[in-house]
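Structural overview
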Amino acid sequence: MTLLTNHRILITGAARGLGEAFARAALRSGSRVVLSDVLDERGVALETELNAGWNGRAKYVHMDVSDRASVHSAMGSAVEWLGGLDGLVNNAAITHSGGKAMDAISEDTWDKVMAVNAKGTWLTTVAAKPYLVSASAQQGHGRIVNVASDTALWGAPNLMAYVASKGAIVAMTHAMARELGAYGITVNAIAPGLTVGESTAYVPEARHAYYKNGRAIQREQTADDITASVLFLLSKESGYITGQVIPVNGGFVMH
Ligand SMILES: NC(=O)c1ccc[n+]([C@@H]2O[C@H](COP(=O)([O-])OP(=O)(O)OC[C@H]3O[C@@H](n4cnc5c(N)ncnc54)[C@H](O)[C@@H]3O)[C@@H](O)[C@H]2O)c1
């Protein structure tokens, strides 16, 4: 038995980066996983690669989290393939505003970042709700893990639209937990620190060093440092933890 044996999990933004790492970890932990993204070529290639190792336990679906119709149609396909839904990881996000002072960000950028990161988390959660309610009634657990960011906790400068959207995720996690608690669904967020990967390759060395030197554990953060927190929050065993935001950042921010 592993932590997520036979769990049915949907992860948004899972064609690359942390979402991909969460998908690999969830498969290792025994679950079946739907990976959703807008990067269809990478998503399909990843599905093929994962299924070679995990015997058909992964499926890719196109889902643009900022578009209600896309979310509902993809959620329908995902749930049909999975045969229900036990856990949702709201991971998809864009940064776009990185390295810019707040007066250098356009309204268009602001709106796009909010549409994917904040509205997207709301839309996917609404679409997943009936299936999580049903899983909770039948099996006693329904789980949502929102991916926030520690930038919203320490006030990272020159990242305003993104930080605002991640602050919204923190607030939504609290409110969603209260709203869905009656159904036995838990809602928590993780707040990773700056993590080495494709999406942060643009980040100047000075910001990497600032993080590294400010951590209790003074080294670079990788995706592997984060996956276990997500698996635990998806598991049945985490059932009395809800509405919490857990910084996973080597002790850079202590919440
Ligand atoms: N990497 C970090 O340092 C770091 C730190 C803190 C929090 N995070 C958060 O972790 C999560 C993953 O980040 P990452 O570093 O892996 O970034 P990433 O850019 O590698 O992955 C994000 C994924 O979301 C997808 N996506 C973008 N717009 C979408 C849309 N409209 N609909 C569906 N999918 C969409 C992208 O195609 C991509 O595959 C994000 O929520 C991010 O804010 C990352």
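This text follows the structure it describes.
First, a word on scope: everything that follows refers to the structure included in this document. (Residues numbered from 1 in each chain as written. Predicted model: local features only at pLDDT ≥ 70, side-chain atom pairs only at ≥ 80, totals over all residues.)

Comments concerning the sheet that holds strand 3 (residues 58-62)
Read across the open sheet, the 7 strands follow the order 3-2-1-4-5-6-7; overall the sheet is parallel. Of all strands in the sheet, those with a lone pairing partner are strand 3 and strand 7 (245-248), marking the two edges. Mean inter-strand twist for the sheet, computed between neighbouring axes without regard to direction, equals 20 degrees. Relative to strand 6 (residues 185-192), strand 5 (residues 142-147) runs parallel, the two sharing 6 bridges. Paired with Val147 across the bridge in strand 6 is Ile190. Running at roughly 170 degrees to strand 1 (residues 8-12), helix 1 (residues 17-28) makes contact with strand 1, strand 2 (32-37), strand 3, strand 4 (87-90) and strand 5 of the sheet. Taken strand by strand, helix 3 (residues 68-82) contacts strand 1, strand 2 and strand 3, and its axis lies near 165 degrees from that of strand 2. (Pairing = 2+ DSSP bridges. Helix = DSSP H or I, 4+ residues; strand = E, 2+ residues; numbered from the N terminus. Axes fitted to C-alpha atoms, helices over the stretch in contact; angles between N-to-C directions. Contact = placed C-beta atoms within 7 Å.)

Some points on the nonpolar core
The biggest cluster of nonpolar side chains holds 68 residues, and the ones touching the most others in it are Ile11, Phe22, Ala23, Ala26, Val33, Leu35 and Val230. Among all residues touching Ala26, those that are not within four sequence positions of it are Leu4, Ile9, Ser31, Val33 and Leu231. (Core = buried A, V, L, I, M, F, W, Y, C linked by C-beta atoms within 7 Å. Buried ≥ 20, exposed ≤ 12 C-beta atoms within 10 Å, placed from the backbone.)

Considerations on the site of the ligand
In the vicinity of the ligand lie 28 residues, with Gly13, Gly17, Ala92, Ala93 and Ser199 positioned nearest. With 3 residues, the single largest contributor to the shell around the ligand is helix 1. (Near = placed C-beta within 6 Å.)

Concerning the packing of helix 4 (residues 107-139) against helix 6 (residues 160-180)
Axis angle and axis distance: for two packed helices, these are the angle between their axes and the distance between the axes, and together they describe the pair. Direction vectors running N to C along helix 4 and helix 6 enclose 20 degrees, while the axes themselves pass 9 Å from each other. In this view, helix 4 runs roughly parallel relative to helix 6, as classed from their interaxial angle. Viewed along their axes, helix 4 and helix 6 form a crossing whose handedness is right-handed. Of the residues in helix 6, those in contact with Thr109, Trp110, Val113, Met114, Asn117, Ala118, Thr121, Trp122 and Thr125 of helix 4 are Ala161, Tyr162, Ser165, Lys166, Ala168, Ile169, Met172 and Met176. (Parallel < 35°, antiparallel > 145°, perpendicular 65-115°, else oblique. Left-handed = near helix turned anticlockwise from the far one by under 90°.)

A few points about unusual backbone geometry
For Asn6, which is not glycine, the phi torsion reads 65 degrees and is therefore positive. Backbone geometry at Asn158 places phi at a positive 60 degrees, although glycine is not the residue there.

Notes on the pairing of strand 6
In terms of burial, strand 6 is a largely internal element, 8 of the 8 residues being buried. By the bridge criterion, 4 bridges tie strand 6 to strand 7 in an arrangement that is parallel. Each residue of the ladder has a partner; that of Ile190, found in strand 7, is Ile246.

Here we look at the pairing of strand 3
It is a general feature of regular strands that their side chains alternate between the two faces of the sheet. Bridge count for strand 2 against strand 3 is 5 bridges, and the pairing is parallel. Bridging across to strand 3, Asp37 finds its partner in His62. Regarding the hand of the β-α-β motif, the stretch spanning strand 2, helix 2 (residues 40-54) and strand 3 is right-handed. (Right-handed = clockwise from strand over helix to strand, strands pointing away.)

A short note on the packing of helix 1 against helix 8 (residues 227-234)
Here helix 1 crosses helix 8 at 55 degrees, and the two axes come no closer than 9 Å. Between helix 1 and helix 8, the interaxial angle falls into the category oblique. In the packing of helix 1 onto helix 8, the handedness of the crossing is right-handed. Taken together, the residues of helix 8 that come into contact with helix 1 (itself represented by Ala21, Phe22, Ala25 and Ala26) are Thr227, Val230 and Leu231. In the contact of helix 1 with helix 8, the residues fall into 6 nonpolar, 1 polar and no charged. (Nonpolar A, V, L, I, M, F, W, Y, C, P; charged D, E, K, R; others polar.)

Considering the environment of Asp40
Position of Asp40 relative to the elements: it lies in helix 2. For Asp40, a count of 12 C-beta atoms within 10 Å puts it in the exposed group. Taking the C-alpha atoms as reference points, Asp40 and Met63, separated by 23 residues in sequence, lie 9.3 Å from one another.

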